[in-house]
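# Topology and contacts: notes
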Amino acid sequence: KSKNGSPGFRVDKVSDGSTACGFAWTWTSNNSFEGLRGTTFVELNSGNQIQYVREIPEPLYKPGDLIIEVLKAATADATPSSPPNYTSKTPKKANEIAKYLFNDVQGADPEEAMRFFDESIVYRDFNYEDVLNGKAEVKKFIGDFSFPGITFATQRFDDGVKATCFTWEVVIEGAPEGSAIKGISFYEIDTD
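Reference entry: report on the structure contained in this document. Think of each chain on its own: its residues are numbered from 1, step by step along the sequence as written. Confidence filtering applies because this is a predicted model: local features only for residues at pLDDT of at least 70, side-chain atom pairs given and counted only at 80 or more, and all residues used for totals across whole chains, interfaces and linings. Only hydrogens and water are set aside; all other atoms, that is, all heavy atoms of the structure, feed into the side-chain values.

Within this scheme, the nonpolar core is defined by two criteria: the residues are buried Ala, Val, Leu, Ile, Met, Phe, Trp, Tyr or Cys, and they are joined through side-chain atoms within 4.5 Å. For every residue, the accessible area obtained with a 1.4 Å probe (protein chains only) is divided by the maximum for its type, and the residue is called buried under 20%, exposed over 50%, and partly exposed between those limits. Leu-101, Phe-117, Tyr-123, Val-138, Phe-145, Phe-152 and Phe-166 are the most contacted members of the largest nonpolar core, which totals 27 residues. Numbered from the N terminus, helices here are DSSP runs of H or I no shorter than four residues, and strands are runs of E no shorter than two. When contributions to this core are tallied by element, the ones reaching two or more residues are helix H1 (66-74), helix H2 (94-105), helix H3 (110-114), helix H4 (135-144), strand E7 (150-157) and strand E8 (163-172). Sorting elements by how many residues they give to this core places H2 first, with six residues. Working rule for contacts: check all heavy atoms of both residues, and any pair within 4.5 Å makes them a contact. Other than its neighbours up to four places away in sequence, Phe-145 contacts Ile-67, Ile-68, Leu-71, Tyr-128, Ile-150 and Phe-152.

Each patch is assembled from residues with relative accessible area greater than 30% and no salt bridge, linking like charges that lie within 9 Å and nonpolar side chains (Val, Leu, Ile, Met, Phe, Trp, Tyr) that lie within 5 Å. Working definition of accessibility: Shrake-Rupley area with a 1.4 Å probe, residue cover restricted to the visible protein chains. Salt bridge criterion: a side-chain nitrogen from Lys or Arg within 4 Å of a carboxyl oxygen from Asp or Glu. A contiguous nonpolar patch, built from Phe-9, Val-11, Val-14 and Trp-27 and spanning about 370 Å² of accessible area, is present on the exposed surface. A total of three residues in the nonpolar patch trace back to one element, the largest contributor, which is strand E1 (residues 8-14). Its location among the elements puts Phe-9 in strand E1.

This part takes up the state of the cysteines. In what follows, a disulfide is any cysteine sulfur pair within 2.5 Å. One pass over the full model with this rule turns up zero disulfides. The cysteine Cys-21 is free of any disulfide, with Cys-165 supplying the nearest cysteine sulfur at 7.8 Å. The class for Cys-21 is partly exposed, based on a relative accessible area of 23%.

When DSSP finds two or more bridges between two strands, those strands count as paired. As summarised here, the arrangement of the four strands in space is E1-E2-E3-E4, forming an open sheet in which the pairing is antiparallel. Two strands in the sheet have a free side with no partner beyond their single neighbour: E1 and strand E4 (50-57). Neighbouring strand axes in the sheet, compared pairwise and without regard to direction, differ in orientation by 25 degrees on average. Summarising the sheet, strand E2 (residues 20-29) and strand E3 (residues 33-44) pair through nine bridges and their orientation is antiparallel. Note on E3: the bridge partner recorded for Thr-28 is Glu-34. Working convention: axes come from line fits to C-alpha atoms, limited for helices to the stretch in contact. Angles between N-to-C directions cover 0 to 180 degrees.

Attention now moves to the packing of aromatic side chains. The criterion for an aromatic pair is that two Phe, Tyr or Trp rings (for Trp, the six-membered ring) have centres within 6.5 Å, with stacked assigned to planes under 30 degrees apart, edge-to-face to planes over 60 apart and tilted to the rest. Applying the stated criterion across every chain yields a total of 14 aromatic pairs. Centre to centre, the rings of Phe-157 and Phe-166 are 5.1 Å apart; their planes meet at 20 degrees, and the pair counts as stacked. With respect to class, Phe-157 is no different from Phe-166; both count as buried. Counting every residue linked through ring pairs, the aromatic cluster contains Phe-102, Tyr-123, Tyr-128, Phe-141, Phe-145, Phe-157, Phe-166 and Tyr-187. Distance and angle both matter: a charge sits over a ring if NZ of Lys or CZ of Arg is within 6 Å of the ring centre and within 35 degrees of the ring normal. Seen from the ring of Tyr-52, Arg-156 lies directly overhead, with NZ or CZ sitting 3.7 Å from the centre.

To continue, consider the pairing of E8. Where burial is concerned, most of E8 is hidden: nine out of the ten residues are buried. Pairing geometry for E7 and E8, over seven bridges, is antiparallel. Note that in E8 the partner of Ala-153 across the bridge is Glu-169. Counting the residues that bridge the hairpin from E7 to E8 gives five residues. As paired strands, E8 and strand E9 (residues 181-188) are joined by eight bridges and run antiparallel to one another. Pairing of Val-170 across the sheet is with Ile-181, part of E9.

What follows concerns the sheet that holds E8. As summarised here, the arrangement of the three strands in space is E7-E8-E9, forming an open sheet in which the pairing is antiparallel. Edge positions in the sheet fall to E7 and E9, since each of these pairs with one other strand and no more. Within this sheet the neighbouring strands show an average axis-to-axis angle of 35 degrees, counted without direction. Seen against the sheet, H2 touches E7, E8 and E9 and runs at an angle of roughly 155 degrees to E7.

Positioned with a positive phi, Asn-48 is a non-glycine residue whose angle comes to about 60 degrees. The residue Asn-48 is located in the loop between E3 and E4 in this model.

Another point: the environment of Ile-67. Along the chain, the position of Ile-67 falls in helix H1. Expressed as a C-alpha distance, the spacing of Ile-67 and Tyr-128, which sit 61 residues apart in the sequence, is 9.5 Å. With residues near it in sequence (within four places) discarded, Ile-67 still touches Tyr-128 and Phe-145.

Now the structure itself:
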């Protein structure tokens with residue numbers, strides 16, 4: 001926060017990646033007002049220079065469950081596919097857990113994914129006003145976004161151990177090339 005109450009920028013969480021990392025942030029004002037939040041992903045090249053950045057702030061208008069209805073309408077003619085096969089694993093590093101959940105388990109077995117979430121999880125999606133609290137709310141949220149014709153395709157991961165940031169896009173079956181919705185996520189694990 002700034003000392004005189006003028007607008008400021010607060011870093012809330014930072015992943016511990018070394019070749020790439022991400023951070024969650026909040027705009028602040030008047031020493032107490034919190035504004036927009038966002039997440040930034042930064043990747044370095046072999047010379048430790050920034051080679052890639054993706055930054056996404058929360059939208060001013062939060063569509064909430066309307067986003068589900070829009071996506072369902074866009075995928076109404078999608079053909080259901082068989083759940084992917086996967087081998088159950090128990091990765092320990094944050095980036096490995098995120099890769100496992102999104103690259104291996106997505107669309108296969110909700111219970112396998114849920115075993116990685118703590119009962120007291122706090123989960124924020126920028127399309128919603130309120131955070132999700134607890135495993136039951138997160139399970140319902142994930143289930144609401146699990147239907148034919150939509151895939152969360154990962155793109156870049158940091159190498160974080162205790163926290164990870166990664167980029168993705170929502171691929172909609174039958175949508176024109178280049179029309180995917182881009183996103184970013186920040187996950188933090190309990191290492192105690």
